[in-house]
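The primary structure of each chain is shown beneath.
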Amino acid sequence: MTTIPLSGVALREHEDSYPASIIDPYHHQRTLRDLFRDEDGFVAVNDSPTGGGKTMSWLTPAVESGEHTVAVYPTNALITDQKESIERELKTHFPEREDGIKVLHVTSDTIRTKYAEQFPQFETNREVLEALLRVEFSNAEQVVLLTNPDILVMMYRNLYRGGFTYQSAGDIIRELNEFTTAVVDEFHRASRKEQNTLLFLLDEMYDEDDDYCAVSKLVFLSATPEERLEHRFREAMSAPYSRVTKSDQKERMAFSSPPAPDGWRSVMPPTDLDVRRASTFATGDVLLGEDWEDTKSFCAREGKTVVILDGIHEVEVVTKNLREALPNQRVERIDGFHGSEKEEKLERFDVLVSNSAVEVGIDFEVKRLVFSGHNRASFLQRLGRIRGRIDDGSTVREARCYVPDAVASDLENEVAETKGRVSREQLTAWLEDVYEDPREPETFDWRYSAAEALAHVKSQAEKYVESDETVALEQGDERVERHFSAHEEGIGLKEIKQFADTVSREVKAELQRYRGESLDVLVYDVSPDSENELKTYNPLYLLRYGDIEFFTESEFLRKVPSELRGEVESKADYVVGFCVYSGSVPMNEDGYGRSVTFKSTSDVNEWVYRESDRNNRKPKKVRLSIDVDSVSDGQGRISSLQKLRDKMEREDNKILCYALEQNSSGAKRQYKLGDFFFLYGLTTGHWDDPGCVALGNDALYLHCRVEEEASKLNFDDLGLDLGP
């Protein structure tokens, strides 16, 4: 164990005629407001620290200007939280404008339920969304649309028409052209593919004719952008680029134990951060094992403690043990299966045990923090849960982070060479060096994102007459080269197009969506403490740990209450199964649940037989089946599993995959993927031993890793002529 003594962070306040007059704004808030006032268009990045007022930095000038704004958030839960927060800010700071501003909460669920009920004459999600926007633009002075990136991409690429094609001209939802400002929150949490998709589309939206798309002000709220992204913002985007934060001592100050002086506000307190060792998804085992006595005493002390882990099963067992060990403490749990009464839980907890459900968008006062850090983004995001003013000059907050062995060793070496408190900027720099992200292969941009962009450009250009279509294609090619070329590696537009020709049509079509495909089942949750609600969830967790029973769609409709049947019907086409969840099954003596392995179908067997050499195998959409072994004492057998298999194996439930004929542990070691990269066991009719498979976008990342290692960009192996 080593301790990193982190400095607090204070931002300078300015007396100013800021529109929200009771606020003394920070520099980043004033700078972004000046951009709204003085510039016709821009791309701005606000990387001020957690708790530093990033939401008000865009909301205040957007309200002041009266501009219609679309703000995108990475999770639907965060959209809900932000809607409540923004409405509070409007009521507090803009009471005279509150009634004229409509804040819309748009997700796939609200479109299918709340808004579908509002516009019953329409059948499709697209028609409902168009009707909603048309009405609100007519009735409100200003519309602030809060949604997720998936919805924005579907709106712009017209994926609501039933899927991406090459023949149909791109036709965005017309009401999208009313928005002049686009805000992207938590941009650093997006994967490389997702970042590429958003940057390319928003750049194109900025350049579009105003009659087609009027977005001219682009705001990214993010952690400090790494060098690659800084270059993309500055060199690839058409709009003038601005970083609206300043890290110099005039605007941002590191401090130790005393409170920040007058004129400054502390936004992150000094914190003693203990770095400890645990494998990903095994922090709970360490907390309840070798660190158990220490864990109990840490959580039992005065003040609120938050524990943030990786897996729901970890959350469950840690919650159970802390409740038994701390009978005088209020131990609460929030996760995907225990999200009800969230506000009440946050108000009353002494100890809160959760996972990524509380990483972003939730405000609470916390004195101590325990968290697992499986990658750089989660490390910084979870550490940022400790924030706010320090009223007592002697108070230093406490945090414990559990990281993999290699990360812990590297951080120990860094701390050994440092004297005094460590700035947050220094910690961020350390984490960039010690974490390797498997979802950041260097070749992904020109191997897959460029192919995605070229297919999109072709579809969008078809909306024009022939002469304008030629111009649109030329402009699109130029944008693709700006965003995805790697000239230092000899990769320009010509090479990009040649690589794009090797990507299958089905992969290009799949790339048009923001996120990759995933396997989800529709769950009716009847477990203790649940509200008997419907939710979609990854079946792998349920199969390992859940007390579950699967049903056909018709059987499931009879199991759920009548008021939920409409929701079932609206989601049925997007899931691979239906089940009732009653809680968890008992674990075996080693603490493990069932063993789950994917099983090949004829699709998989033909694929791996025809492409037996992994260096020639390409990601492909195939049907998968599944095998499940009960826990060691025979408990937890799922007698209804065949009903899941029947639906998974249907032709319309293919999923993008990339398979390797080695086990997942070996593949993770060979390609340096880490424990948080999801590889699943795969048995086939052609391999003696089980192999492994990656799904969705992870299949593409893994393919890039294999290509980078095996061929070292050997273009001849790909059949490409890269000569002059």
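An account of the accompanying structure is given in this report.

The rules we used
- Residues numbered from 1 in each chain as written.
- Predicted model: local features only at pLDDT ≥ 70, side-chain atom pairs only at ≥ 80, totals over all residues.
- Heavy atoms only, no water.
- Axes fitted to C-alpha atoms, helices over the stretch in contact; angles between N-to-C directions.
- Helix = DSSP H or I, 4+ residues; strand = E, 2+ residues; numbered from the N terminus.
- Parallel < 35°, antiparallel > 145°, perpendicular 65-115°, else oblique.
- Left-handed = near helix turned anticlockwise from the far one by under 90°.
- Contact = heavy atoms within 4.5 Å.
- Nonpolar A, V, L, I, M, F, W, Y, C, P; charged D, E, K, R; others polar.
- Phe/Tyr/Trp six-rings, centres within 6.5 Å; stacked < 30°, edge-to-face > 60°.
- Buried < 20%, exposed > 50% of the residue type's maximum accessible area, 1.4 Å probe, protein only.
- Lys NZ or Arg CZ within 6 Å of the ring centre and 35° of its normal.
- Polar contact = N/O pair within 3.5 Å; in protein donor to acceptor, adjacent residues only side chain to side chain.
- Pairing = 2+ DSSP bridges.

**A word on the packing of helix H14 (residues 405-416) against helix H15 (residues 424-434)**
Their axes nearest at 10 Å, the elements H14 and H15 cross at an angle of 140 degrees. The orientation of H14 with respect to H15, classified from their angle, is oblique. Relative to H15, H14 is oriented so that their crossing is right-handed. Contacts from Val 407, Asp 410, Leu 411, Glu 414 and Val 415 in H14 reach Trp 430, Leu 431 and Val 434 in H15. Considering only residue class, the contact of H14 with H15 consists of six nonpolar, no polar and two charged.

**Looking at the packing of aromatic side chains**
Applying the stated criterion to the full structure yields 22 aromatic pairs. Consider the rings of Phe 137 and Phe 179, whose centres lie 5.3 Å apart with planes at 65 degrees: the pair is edge-to-face. Note that Phe 137 is positioned in helix H5 (residues 125-139) and Phe 179 in the loop between helix H6 (149-157) and strand S7 (181-184), a separation of 42 residues in sequence. Note on Phe 179: relative accessible area 0%, which makes it buried. Taken together, a centroid distance of 5.9 Å and an interplanar angle of 25 degrees make the contact between Phe 200 and Phe 484 stacked. On the criterion of sequence distance, the pair formed by Phe 200 in helix H7 (residues 192-207) and Phe 484 in helix H17 (residues 466-484) is long-range, its members being 284 residues apart. There is no split in this pair, since Phe 200 and Phe 484 are both buried. Pairwise contacts between aromatic rings join Phe 337, Tyr 537, Tyr 541, Tyr 545 and Tyr 581 into one cluster. The ring of Phe 349 has Lys 304 lying over it, and the distance from NZ or CZ to the ring centre is 4.4 Å.

**Here we look at the side chain of Arg 252**
Tracing the backbone through its elements, the reader meets Arg 252 in strand S10 (residues 252-255). Here the side chain of Arg 252 touches Glu 425 through a polar contact of 3.0 Å, side chain to side chain. In contact with Arg 252, other than residues within four places in its own chain, are Val 9, Ala 10, Leu 11, Pro 49, Lys 246, Ser 247, Trp 264, Arg 424 and Glu 425.

**Observations concerning the sheet that holds strand S2 (residues 8-12)**
Across the sheet, three strands lie side by side as S10-S2-S11; this open sheet has antiparallel pairing. Edge positions in the sheet fall to S10 and strand S11 (264-268), since each has one partner strand and no second. Across this sheet, the average inter-strand angle for adjacent strands is 35 degrees, counted without regard to direction.

**Structural notes on helix H8 (residues 227-236)**
Side chains of residues three or four places apart in an α-helix project in the same direction, reflecting 3.6 residues per turn. Those residues of H8 that sit buried are Arg 228, Leu 229, Glu 230, Arg 232, Phe 233 and Ala 236. At its buried positions, H8 is contacted by strand S3 (42-46), H7, strand S8 (217-221), strand S9 (241-243), helix H16 (444-461) and H17.

**Considerations on the sheet that holds strand S21 (residues 578-584)**
The strands making up a sheet are joined through hydrogen bonds of the backbone, oriented either antiparallel or parallel. The sheet built from four strands is open, its strands ordered S19-S18-S21-S20 with mixed pairing. Each of the sheet's edge strands pairs with one partner strand only, and the pair in question is strand S19 (534-537) and strand S20 (546-551). When the angles between neighbouring strand axes are averaged without regard to direction, this sheet yields 35 degrees. Bridge count for strand S18 (residues 521-525) against S21 is four bridges, and the pairing is parallel.

Just distances and angles here, no functional claims.
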